[in-house]
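# Structural features, examined
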Amino acid sequence: MNDLTERQLMTRAAWLYYVGGLNQEAASARLGLTRARVNKLLAQAREIGLVSITINDRDVGMLPVAEALRREFGLELCIATPAIELPPGPGLEGYPMRAVGAAAAQLLRQELQQRSELVVGTGWGRTLAQMARQMSGLSAPKARFTSLMGSLTANSAVNPFEVVQSLALATGGEGYFLPVPFIADNTADRDTLIAQRAVARPLELARYADLALISVGEMREGSLLRQSGMISADELSELRAAGAVGDTNGLFFDAKGQLVDHPLARRTIAVGFQDLRRARTIVLAAGLDKVPATLALLRSGIAKGLIIDGDTALALQKEAEL
């Protein structure tokens, strides 16, 4: 093989690997070269166009959309579930949340398998509740799950305590929550509550979570914040007038992803944007009504990753003009 040119070696390595079906180890033995050398030859063959790869676009799924969103917002990862491209109807209302919840559960399993002592912070909402329901079958006794916000809410089905408790029970890990309301009655009460030892300790754990899983809320009458009675209709109107387009964990932000100054923000007991930027924060977005808020939250720069249902991903791509 010593008398062969570099291009001839590339061609033979490429034929053995792509056409002959040999793996790199077998190809290197056939050519009398090291595996590292064959790997380099294959890479060079692709770079100079000696080898071209054609992919059937019909089967590529949502990868191009997910990759476009990942690049645009500087994300480490973007997972888009399959799009169904059907109008909302009976039986389909909960599909986006179920799809995103399942994808988030799969990601969390992978993270816990790679790092068993992970500290995972969670927000609240129906999508996170779906994720927690799909976490059975994994043992992670050294993992710690903590709420990123006050955990005492009226609706127990979607509050942070239930999410944390479900994750801890499903994995055998430890669960921590903030035993205080999500929104205090006034700023004085908030200061008093967060000074309590029972609150300060889990809040500190939440502030330095390794992985933060948060959902997106929209500023409309049908939002979870309004449905659960966490904010009044007047407060919703005030927030919108101040420029708020969405929230996460009671942190209200405008279309540019900047925090909105409102009395509610000073009464909320939750981990802030600065801490979410420090963590590996993954945004879960499910449903077409979440597009404006999701776009704004991605513009804030706090997200390292996005898990989104396919139809919402397509709408988000169009809204972001990608």
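Here, the structure is the one placed above.
Residues numbered from 1 in each chain as written. Predicted model: local features only at pLDDT ≥ 70, side-chain atom pairs only at ≥ 80, totals over all residues. Heavy atoms only, no water.

A sheet is described by the order of its strands in space; here 3 strands give the open sequence β6-β7-β8, paired in antiparallel fashion. Looking at the sheet topology across the chains shown, the edges are occupied by β6 (217–218) and β8 (251–253). As paired strands, strand β7 (residues 246–248) and β8 are joined by 3 bridges and run antiparallel to one another. Note that in β8 the partner of Thr 248 across the bridge is Leu 251. (Pairing = 2+ DSSP bridges. Helix = DSSP H or I, 4+ residues; strand = E, 2+ residues; numbered from the N terminus.)

In a packed pair of helices, the relevant descriptors are the angle between the two axes and the axis-to-axis distance. Between helix α1 (residues 6–19) and helix α2 (residues 24–31), the least distance of the axes is 9 Å, while the angle of their chain directions is 140°. The orientation of α1 relative to α2 falls into the category oblique. Taken as a pair, α1 and α2 cross one another with a handedness that is right-handed. Contacts between α1 and α2 involve Arg 12, Ala 13, Leu 16 and Tyr 17 from the former and Gln 24, Ala 27, Arg 30 and Leu 31 from the latter. Considering only residue class, the contact of α1 with α2 consists of 5 nonpolar, 1 polar and 2 charged. (Axes fitted to C-alpha atoms, helices over the stretch in contact; angles between N-to-C directions. Parallel < 35°, antiparallel > 145°, perpendicular 65-115°, else oblique. Left-handed = near helix turned anticlockwise from the far one by under 90°. Contact = heavy atoms within 4.5 Å. Nonpolar A, V, L, I, M, F, W, Y, C, P; charged D, E, K, R; others polar.)

With that settled, consider the packing of aromatic side chains. What the rule picks out here adds up to 4 aromatic pairs. Measuring from ring centre to ring centre gives 4.6 Å for Phe 161 and Phe 177, while their planes differ by 75°; the resulting arrangement is edge-to-face. Of this pair, Phe 161 sits in helix α7 (residues 160–171) while Phe 177 sits in strand β4 (residues 174–181), and the two are 16 residues apart along the sequence. (Phe/Tyr/Trp six-rings, centres within 6.5 Å; stacked < 30°, edge-to-face > 60°.)

Once that is clear, we can look at the nonpolar core. Core analysis: the largest hydrophobic core is formed by 40 residues, its most contacted members being Leu 69, Leu 276, Leu 297, Leu 306 and Leu 316. With 6 residues, helix α13 (residues 291–299) is the single largest residue contributor to this core. Sequence-distant contacts of Leu 69, defined by excluding residues within four places in its chain, comprise Leu 75, Cys 78, Leu 306, Ala 313, Leu 316, Gln 317 and Leu 322. Membership of the second largest hydrophobic core comes to 28 residues, among which are Val 100, Ala 103, Leu 128 and Leu 213. (Core = buried A, V, L, I, M, F, W, Y, C linked by side-chain atoms within 4.5 Å. Buried < 20%, exposed > 50% of the residue type's maximum accessible area, 1.4 Å probe, protein only.)

Summed over the entire model, instances satisfying the criterion amount to 16 salt bridges. With its nearest N and O atoms 3.0 Å apart, the salt bridge here joins Glu 76 to Arg 280. Here the residue Glu 76 occupies a position in the loop between α4 (63–72) and β1 (77–80), and Arg 280 occupies one in strand β9 (residues 280–285), the gap between them amounting to 204 residues. The class of Glu 76 is partly exposed, set by a relative accessible area of 49%. The structure contains a network of salt bridges with shared partners spanning Glu 204, Arg 207, Asp 275 and Arg 278. (Salt bridge = Lys/Arg side-chain N within 4 Å of Asp/Glu carboxyl O.)

In this section: α1. In a regular helix each residue adds 1.5 Å, so 14 residues correspond to 20 Å; α1 covers 19 Å between its end C-alpha atoms and thus fits that length. Among the residues of α1, Leu 9, Met 10, Ala 13, Ala 14 and Leu 16 are the ones counted as buried. Along the axis of α1, the buried positions cluster into a sector of 165°, meaning they face one direction only. Pointing more than 90 degrees away from the buried face of α1 are the exposed residues Arg 7, Trp 15 and Val 19. Check the buried side of α1 and you find it contacts α2 and α3 (35–47). Gly 21, located one to two residues past α1, shows a positive phi value of around 80°. (Expected span 1.5 Å × (residues − 1). Arc of directions from axis to C-beta.)

So, on to a nonpolar patch on the surface. A surface patch of nonpolar side chains, amounting to about 330 Å² of accessible area, comprises Trp 15, Tyr 18 and Val 19. Here Trp 15 shows up in helix α1. (Patch = residues over 30% accessible without salt bridge, like charges linked within 9 Å, V, L, I, M, F, W, Y side chains within 5 Å. Areas by Shrake-Rupley, 256 points an atom, 1.4 Å probe, with all protein chains shown as cover.)

Turning to unusual backbone geometry, a few remarks are in order. One non-glycine residue with positive phi stands out, namely Asn 249, at about 55°. Within the element layout of this structure, Asn 249 appears in the loop between β7 and β8. Judged by its relative accessible area of 2%, Asn 249 falls in the buried class.

Here we come to the pairing of strand β2 (residues 119–122). Alternating residues of β2 divide into Val 119 and Gly 121 and Val 120 and Thr 122, and every residue in both groups is buried. Strand direction decides the pairing type here: β2 and strand β5 (residues 211–215), joined by 3 bridges, are parallel. Note that in β5 the partner of Gly 121 across the bridge is Ala 212.

The buried fraction of α13 amounts to 7 of the 9 residues, a majority that puts the element mostly inside the structure. Buried residues of α13: Val 291, Ala 293, Thr 294, Leu 295, Ala 296, Leu 297 and Leu 298, and no others. Positive phi appears at Gly 301, one or two residues downstream of α13, with a value of about 85°.

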